[in-house]
Amino acid sequence: LTTRYSFIAGVRGKAKQSRALPNMGNKQAKQAIDNLQITGCTLHGSDGSDNVLNGTFFVTSDIGLKGYAKRSGPGRGYEYISTTDGEVVFHADSAGQGKKALCYDRSGTLVAFVKTKGIVEEDEQRIYRPDPAYPDQKPAADLVDDEEVQGKTLYHFATVHVTRKMRRAEATYSVVTGNHDDDEPEYMKMYKAEKLGSQKLYVQIFMVQEQKEFGVPVGHSSVPVAKVMDGGLSMKGPMTQVEMTKGCDLAAVILVGQACTLTGNTAGAMSGTGVYA
């Protein structure tokens, strides 16, 4: 059993596609997503606390978190609504002409500030949170000109890197684990999202785990933990459904999946507005 929602992702340098996903029709893509078997996420431990990414929205329910995304009002804001209790559990307000977003939980508390740099074909989305990503991390020094978060202490928590080509897209969400001598962040890849090559939005999301032999890293394995499906039109406008398993960090999954939309708009393009020609 699973969860439904909308989402964004990151890693240092370019995100390399592990395989070329072919273009396909909407029917074929829907069938592929329907048939995708997703399993519980084990990245964050049994309670979401024994990993550097401790899961602000750690999904503890055995049935995951079911929901959909829809436009929250004028502009580019979107909200993600649980179909279990009908409550808004996550919403994002757009700023900076869609290049920034302020993300809130169900209580209205700011949980993330997102900034995007780059072009449509390839961009980087930095995620800042009120809590440090690792011990003794210094507050972010690159937000002095961002009036939306003036007076707030935020830390560079993760980065999403996305590449888009025609109907396809691939994004990675990587958490910050430290800094190099040149003050560049060190990352650990956590999630990867792949948009299938259809006009409509169908995305498969994987947890990424490092594989070792005799203690030496030899690569990564990818296990599907979430998927995104075009939800069609409703009386409230276009919507997107997302299924997510127990153990996922909801905020991370929302962000990595959202990056695979046509524009990657940080405030919620996942709500069904992104259609690839």
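As a reminder, the structure under discussion sits directly above these lines.
Let us look at the structure shown here. (Residues numbered from 1 in each chain as written. Predicted model: local features only at pLDDT ≥ 70, side-chain atom pairs only at ≥ 80, totals over all residues. Heavy atoms only, no water.)

A look at unusual backbone geometry
At D136, a position not held by glycine, the phi torsion is positive, near 65°. Looking at where D136 falls in the secondary structure, it is placed in the loop between β6 (122–129) and β7 (155–165). (Helix = DSSP H or I, 4+ residues; strand = E, 2+ residues; numbered from the N terminus.)

Side note on the packing of aromatic side chains
As enumerated under the stated definition, the model contains 2 aromatic pairs in all. Taking 6.4 Å as the distance between ring centres and 40° as the angle between the ring planes, the aromatic pair formed by F113 and Y128 counts as tilted. Within this pair, whereas F113 is found in strand β5 (residues 110–118), its partner Y128 is found in strand β6, the two being separated by 15 residues in sequence. For F113, a relative accessible area of 0% gives the class buried. An angle of 75° between the planes, with centres 6.2 Å apart, marks the rings of Y173 and Y191 as edge-to-face. (Phe/Tyr/Trp six-rings, centres within 6.5 Å; stacked < 30°, edge-to-face > 60°. Buried < 20%, exposed > 50% of the residue type's maximum accessible area, 1.4 Å probe, protein only.)

Quick notes on the pattern of salt bridges
Using the criterion set out here, one finds 9 salt bridges in the structure. Three or more residues joined by partner-sharing salt bridges are found here, namely K100, K115, D146 and E148. (Salt bridge = Lys/Arg side-chain N within 4 Å of Asp/Glu carboxyl O.)

So, the environment of G98
With respect to the helices, strands and loops of the structure, G98 is situated in the loop between β3 (88–95) and β4 (100–105). Distance in space between the C-alpha atoms of G98 and G77 is 9.4 Å, their sequence separation being 21 residues.

Geometric values such as these leave the question of function open.
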